[in-house]
Amino acid sequence: MTHFIALRTTGGHELLLHIAHIVSVVQDLDDDLCSIWTSVTDGQSECYHVHGTASGILELINLLQRGGK
């Protein structure tokens, strides 16, 4: 099953990410912001600065990968 997460960037834009493309989630110095690094099939990587905690986003990804159980 394909899973996506929706997040809001620090610039106020909504972002929809395929969880299989997420390489790392790193907490920023600000407690409510983190950086998400993604990779796509052509070898390009992108970094998005989003609202939320790294631990919360990783927990959501793990929950989705387990099928929401």
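Residues numbered from 1 in each chain as written. Predicted model: local features only at pLDDT ≥ 70, side-chain atom pairs only at ≥ 80, totals over all residues. Heavy atoms only, no water.

(A) Spotlight on helix H1 (residues 54-65). An ideal rise of 1.5 Å per residue puts 16 Å on twelve residues; H1 measures up with 16 Å between its terminal C-alpha atoms. Of all the residues in H1, the buried ones are Ala-54, Ile-57 and Ile-61. Down the axis of H1, the buried set is contained in an arc of 70°. They therefore lie on one face. With respect to the buried face of H1, the exposed residues turned more than 90 degrees away are Ser-55 and Glu-59. (Helix = DSSP H or I, 4+ residues; strand = E, 2+ residues; numbered from the N terminus. Expected span 1.5 Å × (residues − 1). Buried < 20%, exposed > 50% of the residue type's maximum accessible area, 1.4 Å probe, protein only. Arc of directions from axis to C-beta.)

(B) Region of the structure containing the pattern of salt bridges. If you walk through the whole model with that rule in mind, you get one salt bridge. Close ionic contact of Glu-14 with Arg-8 constitutes a salt bridge, the shortest N to O distance being 3.3 Å. Classification of Arg-8 as partly exposed rests on a relative accessible area of 41%. (Salt bridge = Lys/Arg side-chain N within 4 Å of Asp/Glu carboxyl O.)

(C) A look at the nonpolar core. Ranked by size, the top nonpolar core spans 13 residues in total, and within it Ile-5, Ile-22, Ile-36 and Ile-57 carry the most contacts. Those elements that provide at least two residues to this core are strand E1 (4-8), strand E2 (14-18), strand E3 (22-27), strand E4 (33-39) and H1. In terms of residues, this core owes the most to one element, H1, which gives three residues. With residues near it in sequence (within four places) discarded, Ile-22 still touches Ile-5, Leu-17, Ile-36, Trp-37, Thr-38 and Ile-61. (Core = buried A, V, L, I, M, F, W, Y, C linked by side-chain atoms within 4.5 Å. Contact = heavy atoms within 4.5 Å.)

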